[in-house]
Every structure is written in C-alpha cells, then in structure tokens.
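If you want the building blocks of each chain, they are given just below.
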Amino acid sequence: MPVAATASDVWTERRRRVGELRARQGFARQLLDFYGALLAVQERAFDDAAANRPAAEDLASYVTDIVVPSVLDVSLALGPERMRSELIHRIETEHPRAIVLRWIDGGEQPAVDRFLARAALGPVLEALGADARRVCAGPRDELHCPDCGGLPQLSYFDPGPEDLATGPRRLLCSRCSATWGFARMTCPGCGEDRSAKLSIFSEHGTTSGEQGSVVRGLQRGVPPMDHGAIFPHVRIEACESCRHYLLSIDVASDPKAVPVVDELAAIPLDLYARDRGFTKITPNLMGF
Ligand SMILES: [Zn+2]
Ligand SMILES: [Zn+2]
C-alpha cells in the first residue's frame, strides 16, 4: 500500500538534511553517516507499519520481529565501537522484546537499550498515530507528549505566517515524534517561567541569567569556520531551577533546517551545556 506523499516527504527531508550537515559539519560526519544508514531502516519500518497496521497490544512483538533485526544489522556495522560491543552483550543477555517493552513502559534502562528500542519503535509509532501511541506510559501534561507521554527532545520555531515573525514554539517528542505547542521562555523540563532563571546560550551570545558567555562552537577541537557561525539557528535553552536544558532550532532563520537532524548534529552545543553543569531533559537517539 503506498503511503501518503507527506509521510514520504518527512524521510526525504531528513535524508536531504543529513547530506547538507554532513558536508558542513565535518566533526559530526561519523554520527551523521550512522544516522543516515539508520534512516533507511526507519523509513522502511515506517512504510511497513503504515501498510501492516499492527494492533497496539502487539506493538512490542511486531517491532521486535520486524524492525529490531535491521536496526541491529546497521548498528553493528556502522555504530560506534562501544555501542557495538554493548549491543552484542545486551542481545546475549536480554530478549529484545523486553527491551522494547521497557521503553514503552517508560522504565529506567541503560543507554544502549534506549537506543535500540527507540530506533526501532520510533518510526512505527510515527506511522501509526495517536491510537497506537496511547499504549505508552508517561504523564499526559504540558511537559510531556500529549500522544505518548514521552519527554520533549527539542524545541523549535517554524516560520510565522507571511514570514513576518517567528511562529509559535513547539516541542518534539523523543519517543513518537509528535509535536505540541509550548509557551516561549518557559522551561520544558519543570515549567519555570521566571526569566531570571532561564538562560539562552548561542554562538551570538547570551540572554538573561549568566552574563557574557558566548558559545563559539570551537570547544573540544571543533575547527574554526571561515564563514561565520556553525549553528546560527540553534541555541541552548537552559534552566537554573531544574538544571536541565534542551536545544532549540529556529527553522524561521534557517528554512532548510530539519529539527530532529539539526539537533543530533549540534554536538558542540551539548558539550558546552554539559560543561556548565546542565543535563539534557532527555538524551537524543545518539546519546547526546
Ligand atoms: Zn510522543
Ligand atoms: Zn527547569
């Protein structure tokens, strides 16, 4: 069964952006190559799930049988060495279905388990929509995904109507990729909205909170760029109250940006936030 053109476009856009950032951000090339290969597996999983429509109660078994083997193949071929050895160990000691079920139930699990379950289940939830996402555990409040109860991976701003200003702020779910509207200048980790407690770090400078610090994107051996900022459209939104942060992508200022891809590749900003003692609300698919 063919999938709707809009659904296919999502994957085309992600692939396009991987190619662009791969050329522009050499420091993230290895990660982007791995992610690009995973995208092929995820797109196939998305198409299969859209055609097969597995029942919500069969989700974990379906994902374990149909998607996990391909995610494992790609990860063992192209993933970072440490991930490869951890994956082999986990598959020998735990049934993948238990790993996927725990992710659905929102339980604590090692990073490598989260990666495997998320990479395999994510595109299936994305394809099936709200009904299937309801089986996932998690609070349904403004700090969590209204569809699946997952934590927000990132914040983004779409272009506003007629490009006069930036549009409303949205958060993107780390588990099912649903998005929901969220107030500006409010922490998606704890709901803090006192501006003195909220800091924004970007390559351009800092607003509120701590004064005078500027991310140069040059931390940890990232080479200087000849053509200005590497992440003019990405900023760190950090909260002094809960000490969490997430990255925010301004698609209005870079219309080619694809938030989920740009967020993955902005590693120097993650390192910068970490150096300042902040923890991401939830790590992204690649563990940053
Ligand atoms: Zn969700
Ligand atoms: Zn907070």
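Since the model is a prediction, treat every value here as computed from it, not as a measurement.

Caption draft 1: Region of interest: the overall build of the chain. Along its length, the chain carries 10 helices and 8 strands. For the chain, the residues scored as buried account for 40% of the 288 residues in total. Here the analysis covers contacts within the chain between residues at least 6 apart in sequence; of these, 60% occur between residues at least 24 apart.

Caption draft 2: Local environment of helix α6 (residues 96–105). By the burial criterion, the buried members of α6 are Pro 96, Ile 99, Val 100, Trp 103 and Ile 104. Projected down its long axis, α6 shows its buried positions confined to an angular sector of 140°, all on one face. Buried residues along α6 sit against α3 (59–66), α4 (68–78), α5 (81–93) and α7 (111–128). Looking one or two residues past α6, Gly 106 carries a phi angle of roughly 75°, positive in sign.

Caption draft 3: Structural context of the environment of Val 10. The residue Val 10 is located in helix α1 (residues 5–24) in this model. Of the residues examined, Val 10 has 17 C-beta atoms within 10 Å and is grouped as partly exposed. Residues Val 10 and Glu 43 lie 33 residues apart in sequence; the distance between their C-alpha atoms is 9.2 Å.

Caption draft 4: Local environment of helix α2 (residues 29–52). Helix length check: α2 (24 residues) gives 34 Å between terminal C-alpha atoms against 34 Å at 1.5 Å per residue, within 8%. Taken together, the buried positions of α2 are occupied by Leu 31, Leu 32, Tyr 35, Leu 38, Leu 39, Val 41, Gln 42, Glu 43, Ala 45, Phe 46 and Ala 49. Where α2 terminates, the next one or two residues include Arg 53, which has phi positive at roughly 45°.

Caption draft 5: View of the environment of Asp 48. On the secondary structure map, Asp 48 appears in helix α2. Judged by the 17 C-beta atoms lying within 10 Å of it, Asp 48 is partly exposed. With 19 residues separating them in the primary sequence, Asp 48 and Val 67 have C-alpha atoms 9.4 Å apart.

Caption draft 6: Just the nonpolar core, in detail. Counting 72 residues, the largest nonpolar core has Val 63, Val 71, Val 100, Leu 116, Ala 120, Leu 121 and Val 124 as the members making the most contacts within it. When residues of this core are assigned to their parent elements, the largest contribution, 11 residues, is made by α7. Shared between two domains, this core holds at least three residues of each, these being domain 1 (5–133) and domain 2 (152–280). In this structure Val 100 touches Ala 60, Val 63, Thr 64, Ala 117, Ala 120 and Leu 121, once residues within four positions along its chain are discounted.

Caption draft 7: The packing of α4 against α5, seen in detail. Closest axis-to-axis distance for the α4/α5 pair is 8 Å, and the angle between their directions is 140°. With respect to their mutual orientation, α4 and α5 come out oblique. Note that α4 runs across α5; the crossing there is left-handed. Facing Leu 72, Ser 75 and Leu 76 of α4, the residues of α5 in contact are Met 83, Arg 84, Leu 87 and Ile 91. Looking at side-chain class alone, the contact of α4 with α5 contains 5 nonpolar, 1 polar and 1 charged residues.

Caption draft 8: Just the confidence of the model for the chain, in detail. On average, residues of the chain score 90 in pLDDT, and 88% of them are at 70 or above. Segment residues 1–5 is flagged for pLDDT under 50; beyond a separation of four residues in sequence, or across chains, it makes 4 contacts in the model.

Caption draft 9: The arrangement of the pairing of strand β6 (residues 234–239) in detail. Across the 6 residues that make up β6, a large majority, 6, are buried. Pairing between strand β4 (residues 198–202) and β6: 4 bridges, direction antiparallel. By the bridge assignment, Leu 198 is partnered in β6 with Cys 239. Across 5 bridges, the pairing between β6 and strand β7 (residues 244–250) is antiparallel. Along β7, the bridge assignment pairs Glu 237 with Leu 246. Remark: 4 residues form the turn of the hairpin made by β6 and β7, two consecutive strands paired antiparallel; Arg 243 in that turn has positive phi of roughly 60°.

Caption draft 10: Expanded view of the environment of Gly 191. Among the structural elements, Gly 191 can be located in the loop between β3 (179–181) and β4. As for Gly 191 and Cys 242, which are separated by 51 residues in sequence, their C-alpha atoms are 9.3 Å apart. Non-local contacts of Gly 191, meaning those with residues more than four positions away in its chain, are made with Leu 143 and Thr 186.

Caption draft 11: Looking closely at the pairing of β7. Of all 7 residues in β7, 7 are buried; the element is thus mostly enclosed. Residues His 244, Leu 246, Ser 248 and Asp 250 line one face of β7 and the alternating positions Tyr 245, Leu 247 and Ile 249 line the opposite face, and both faces are buried. As paired strands, β7 and strand β8 (residues 279–280) are joined by 2 bridges and run parallel to one another. Along β8, the bridge assignment pairs His 244 with Thr 279.

Caption draft 12: Molecular detail of the packing of α5 against α7. Running from N to C, α5 and α7 cross one another at 85°; their axes reach a closest spacing of 10 Å. Between α5 and α7, the interaxial angle falls into the category roughly perpendicular. For the pair formed by α5 and α7, the contact residues are Met 83, Glu 86, Leu 87 and Arg 90 on the first element and Val 112, Asp 113, Phe 115 and Leu 116 on the second. Partitioned by chemical class, the residues of the contact of α5 with α7 number 5 nonpolar, no polar and 3 charged.

Scoring rules and cut-offs
- Residues numbered from 1 in each chain as written.
- Chains lettered and ligands numbered in written order.
- Predicted model: local features only at pLDDT ≥ 70, side-chain atom pairs only at ≥ 80, totals over all residues.
- Helix = DSSP H or I, 4+ residues; strand = E, 2+ residues; numbered from the N terminus.
- Buried ≥ 20, exposed ≤ 12 C-beta atoms within 10 Å, placed from the backbone.
- Contact = placed C-beta atoms within 7 Å.
- Arc of directions from axis to C-beta.
- Expected span 1.5 Å × (residues − 1).
- Core = buried A, V, L, I, M, F, W, Y, C linked by C-beta atoms within 7 Å.
- Domains from an automatic or database assignment.
- Axes fitted to C-alpha atoms, helices over the stretch in contact; angles between N-to-C directions.
- Parallel < 35°, antiparallel > 145°, perpendicular 65-115°, else oblique.
- Left-handed = near helix turned anticlockwise from the far one by under 90°.
- Nonpolar A, V, L, I, M, F, W, Y, C, P; charged D, E, K, R; others polar.
- pLDDT = per-residue confidence, 0-100.
- Pairing = 2+ DSSP bridges.

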